[in-house]
Amino acid sequence: QVQLVESGGGLVQAGVSLRLSCAASGLTFSNYAMGWFRQAPGKEREFVARITRGGVGTYYTDSVKGRFTISRDNAKNTVYLQMNSLKPEDTAVYYCAVDLGLSNTHYARTDRYDYWGQGTQVTVSS
């Protein structure tokens with residue numbers, strides 16, 4: 001079965017960097033687009049970033065553009081989220097997800113994605 005396992009979260013101070021990883025198994029990883037989402041306490045899960053299956057196309061929510069970078073290593077079945085200049089408002093549980101579809105329409109919607117990881121907590125203190 002498909003499994004996604006996130007790692008790399010932690011408690012950091014504002015301004016520093018973290019890199020999240022998501023290791024995938026049970027699927028042909030290189031065939032599918034991957035996304036990162038986050039959910040803060042009391043808020044809905046929101047889109048953060050997406051990368052196409054070949055890694056050429058990337059998409060970001062406005063609040064992380066210029067600070068976060070999504071990438072993938074298809075040989076390692078892993079997608080990454082490099083987060084720089086972290087802010088307290090980035091505090092959330094971060095989830096990776098896989099999109100088994102073929103298009104990029106509605107890529108920011110949670111129902112676009114078919115499988116999800118368990119999440120990793122990122123806490124940014126001021």
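All values derive from a computational prediction rather than experimental measurement. (Residues numbered from 1 in each chain as written. Predicted model: local features only at pLDDT ≥ 70, side-chain atom pairs only at ≥ 80, totals over all residues. Heavy atoms only, no water.)

**Remarks on the pairing of strand β1 (residues 3–7)**
- Here β1 shows a clear split, with L4 and E6 buried on one side and none of Q3, V5 and S7 buried on the other.
- Here β1 pairs with strand β3 (residues 18–25) via five bridges, running antiparallel. Each residue of the ladder has a partner; that of V5, found in β3, is A23. (Buried < 20%, exposed > 50% of the residue type's maximum accessible area, 1.4 Å probe, protein only. Helix = DSSP H or I, 4+ residues; strand = E, 2+ residues; numbered from the N terminus. Pairing = 2+ DSSP bridges.)

**So, the sheet that holds strand β8 (residues 78–83)**
- Spatially, β1-β3-β8-β7 is the arrangement adopted by the four strands of the open sheet, whose pairing is antiparallel. Of all strands in the sheet, those bounded by a partner on one side alone are β1 and β7 (68–73). Shown here is a sheet whose adjacent strand axes are inclined to one another by a mean of 15°, direction ignored.
- Examined bridge by bridge, β3 and β8 share six bridges and lie antiparallel to one another. In the strand pairing of β8, L18 is matched with M83. (Axes fitted to C-alpha atoms, helices over the stretch in contact; angles between N-to-C directions.)

**Focus: the side chain of T52**
- Positionally, T52 belongs in the loop between β5 (46–51) and β6 (58–60).
- When residues no more than four places from it in sequence are discounted, the contact partners of T52 are A33, G57, Y59, R72 and N104. (Contact = heavy atoms within 4.5 Å.)

**Concerning the pairing of β8**
- Extensive coverage of β8 is indicated by the burial of five of its six residues.
- Taken together, the six bridges between β7 and β8 define a ladder with antiparallel strand orientation. Bridging from a neighbouring strand, F68 pairs with M83 of β8.
- Linking β7 to β8, which pair antiparallel, is a turn of four residues; within it N77 sits at a positive phi near 55°.

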